[in-house]
Amino acid sequence: MSIIIDCHGHYTTAPKALEAWRNQQIAGIKDPSVKPRVADLKISDDELRESIATNQLRLMKERGSDITLFSPRASFMAHHIGDFEVSSTWAAICNELCFRVSQLFPDHFVPVAMLPQSPGVQPSTCIPELEKCVKEFGNVGINLNPDPSGGHWTSPPLTDKLWYPIYEKMVEYDLPAMIHVSTSCNPAFHTTGAHYLNADTTAFMQLIQGDLFKDFPTLRFLIPHGGGAVPYHWGRFRGLAQEMKKPLLADHLLGNVFFDTCVYHQPGINLLNTVIPVKNVLFASEMIGAVRGIDPETGHYYDDTKRYIEASTILSADDKHQIYEANTRRVFPRLDALLKKQGK
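Predicted model, so just to flag it, every value in this text is computed and none were measured.

Draft legend 1. Structural context of the state of the cysteines. Scanning the model with the defined rule gives zero disulfides in all. With no disulfide of its own, Cys 98 lies closest to Cys 94 among cysteine sulfurs, the gap being 7.2 Å. Looking at the unpaired Cys 126, the closest cysteine sulfur is the one in Cys 133, lying at 11 Å. Relative accessible area serves as the criterion here: at 2%, Cys 126 is assigned to the buried category.

This is how it looks when you write it as structure tokens:
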């Protein structure tokens, strides 16, 4: 029987004190006299327990998942706000909270780190936080924002050598990265309905255009939200790669690029699992995230993605095991080592 591992969870239910501190930090950018100290944020273990037990953990038990890879709230990363010092302080606070959750609920939550990215700042500045999270917090992966500008796309493509210092550390520590943008400050792009899906699609196209995995053959990226437009337009991407004289996509990218199941209806999951090889699909829900309501057509929550996997007539029992557990343990080897240490 599979362990059901949700590879895409965010701390969207953190105690309100976190948001209040962040608002004060943002106010302090203009008026340094109100800038808060890190020590001003006080969140007890009991507050953390309550925020998780009554939300994520309750739904995990109701829906039948066992473990969540848990990172800071994506829309709160807001790398476009302030400078590197602001982002660095904020990332450290959020990463520590996720670590504390993992310590309070070690059987159910494993931390994944956000990076202190900032527009126009070298990604290499994120390395100290990345290393701290791996060495001190036991993080098994990172989230990488390809657009720290918040919807204006001022960064070079992910294949640019600007990003290589991060990739070198990912290879050194055998960490995958989920490609995940944050809040859009561009009114043309709704954050979760457009910017997130645009970024998923854009990242995949950038990887087609380059040859990143020749330089980093063991680098692994997880593209969330079912890959954005990628599975639906697989023929387009195959054709574009062909015109660019790239290898077949299976050879060019699918040894290194994976997709999650944060697709919120049965036909979408069916399409994902028809087009993308099972070995490249990881179970996820992004529960209590972008889409929190109940689907009137089914009477169930849109983000109860396990229902779609269970209802699939395309997937065999072994396919489901791969998606629920085996693929995630392979893509996140530090998670696999942790679970083996726990006897799982």
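Draft legend 2. Broad picture of the nonpolar core. Ranked by size, the top nonpolar core spans 54 residues in total, and within it Leu 144, Tyr 167, Phe 204 and Phe 221 carry the most contacts. With residues up to four places along the chain from it excluded, the contact list for Leu 144 reads Leu 115, Gln 117, Leu 158, Trp 163, Ile 166, Tyr 167, Ala 177, Met 178, Ile 179, His 180 and Phe 221. Membership of the second largest hydrophobic core comes to 29 residues, among which are Leu 41, Cys 94, Leu 97 and Ala 199.

Draft legend 3. Helix α14 (residues 317-331), seen in detail. Under the 1.5 Å per step criterion, the end-to-end length of α14 is 20 Å for 15 residues, consistent within 8% with the ideal 21 Å. Every buried residue of α14 is accounted for by Asp 319, Lys 320, Ile 323, Tyr 324, Glu 325, Asn 327, Thr 328, Arg 329 and Val 331.

Draft legend 4. Looking closely at the side chain of Thr 261. As for its position among the elements, Thr 261 is in the loop between β8 (257-260) and α12 (266-275). Once residues lying within four places of it in the same chain are set aside, the contact partners of Thr 261 are Ile 269, Leu 272, Val 281, Leu 282, Phe 283, Ala 284, Thr 305, Ile 309 and Ile 323.

Draft legend 5. Highlighting the pattern of salt bridges. Applying the stated criterion across every chain yields a total of 16 salt bridges. Asp 46 is paired through a salt bridge with Arg 49; the nearest N and O atoms lie 2.8 Å apart. Highlighted residues: Asp 46 and Arg 49, both in helix α2 (residues 45-53), separated by three residues, approximately one helical turn. A salt bridge links Asp 336 to Arg 329, with the shortest nitrogen-to-oxygen separation between them at 2.7 Å. When its relative accessible area of 10% is taken as the criterion, Arg 329 is described as buried. Three or more residues are tied together by salt bridges with common partners; here these are Glu 325, Arg 329, Asp 336 and Lys 340.

Draft legend 6. Main features of the environment of Thr 305. By secondary structure assignment, the location of Thr 305 is in the loop between β9 (281-282) and α13 (306-311). For Thr 305, the contacting residues outside a window of four places in its chain are Thr 261, Cys 262, Val 263, Tyr 264, Phe 283, Ala 284 and Ser 285. Of the polar contacts made by the side chain of Thr 305, one reaches the backbone oxygen of Ala 284; its length is 2.8 Å.

Draft legend 7. Local environment of the pairing of strand β2 (residues 67-72). The buried count for β2 comes to six of six residues, which makes it a mostly enclosed element. Where strand β1 (residues 5-11) lies against β2, five bridges are found, and the strand directions are parallel. Looking at β2, one finds that Ile 5 is bridged to Ile 67. Pairing geometry for β2 and strand β3 (residues 109-111), over three bridges, is parallel. Looking at the pairing, Leu 69 lines up with Val 110 of β3.

Draft legend 8. Representation of the environment of Cys 126 within the structure. Looking at where Cys 126 falls in the secondary structure, it is placed in the loop between β4 (113-114) and α6 (127-137). In this structure, the C-alpha to C-alpha distance between Cys 126 and Ser 87, residues 39 residues apart in sequence, is 9.8 Å. Ignoring any residue separated from it by four or fewer positions in sequence, one finds Cys 126 in contact with Leu 115, Pro 116, Gln 117 and Ile 166.

Draft legend 9. Looking closely at the environment of Gly 9. Here Gly 9 is to be found in strand β1. Filtering out sequence-adjacent residues up to four positions away, Gly 9 remains in contact with Thr 68, Leu 69, Phe 70 and Ser 71.

Draft legend 10. The sheet that holds strand β6 (residues 177-179), seen in detail. The parallel open sheet is built from six strands, whose spatial order is β4-β5-β6-β7-β8-β9. The open sheet is flanked by β4 and β9, the only strands paired with a single partner.

Draft legend 11. Inspection of helix α10 (residues 234-243) at higher detail. Among the residues of α10, Trp 234, Phe 237 and Ala 241 are the ones counted as buried. Down the axis, α10 shows its buried residues gathered within 65° of arc, on one side only. Along α10, the residues that are exposed and aim more than 90 degrees away from the buried face are Arg 236, Gln 242 and Glu 243. Contacts from the buried residues of α10 go to α8 (191-209), α11 (249-252) and α12. Of the residues one or two after α10, Lys 245 is the one with positive phi, at around 65°.

Parameters and conventions
- Throughout, residues of each chain are indexed from 1 in the direction in which the sequence is written.
- The model is predicted, so local features are restricted to residues of pLDDT at least 70 and side-chain atom pairs to those at 80 or more, both for listing and for counting; the totals for chains, interfaces and linings are taken over all residues.
- Think of the side-chain values as coming from all heavy atoms in the structure, minus any hydrogens and water.
- Any cysteine sulfur atom paired with another within 2.5 Å is treated as part of a disulfide.
- Each residue's exposure class comes from its accessible area (1.4 Å probe, protein chains only) as a fraction of the maximum for that residue type: buried when under 20%, exposed when over 50%, partly exposed otherwise.
- Nine residue types can take part in a nonpolar core, namely buried Ala, Val, Leu, Ile, Met, Phe, Trp, Tyr and Cys, and a core is a set of them joined through side-chain atoms within 4.5 Å.
- Contacts were defined at the residue level, with two residues in contact if any of their heavy atoms lie within 4.5 Å.
- Numbering of helices and strands runs from the N terminus; a helix is a DSSP stretch of H or I covering at least four residues, while a strand is a stretch of E covering at least two.
- By this rule, a helix spans an expected 1.5 Å times one less than how many residues it contains.
- By definition here, a salt bridge exists when the distance from a side-chain nitrogen of Lys or Arg to a carboxyl oxygen of Asp or Glu is within 4 Å.
- Whenever two N or O atoms come within 3.5 Å, that pair is a polar contact, provided that in protein one can donate a hydrogen and the other can accept it, and provided that, for residues adjacent in sequence, both atoms are side-chain atoms.
- Should DSSP find at least two bridges between two strands, the strands are taken to pair.
- Working definition: the arc comes from the directions between the helix axis and the C-beta atoms, pointing outward to the latter.

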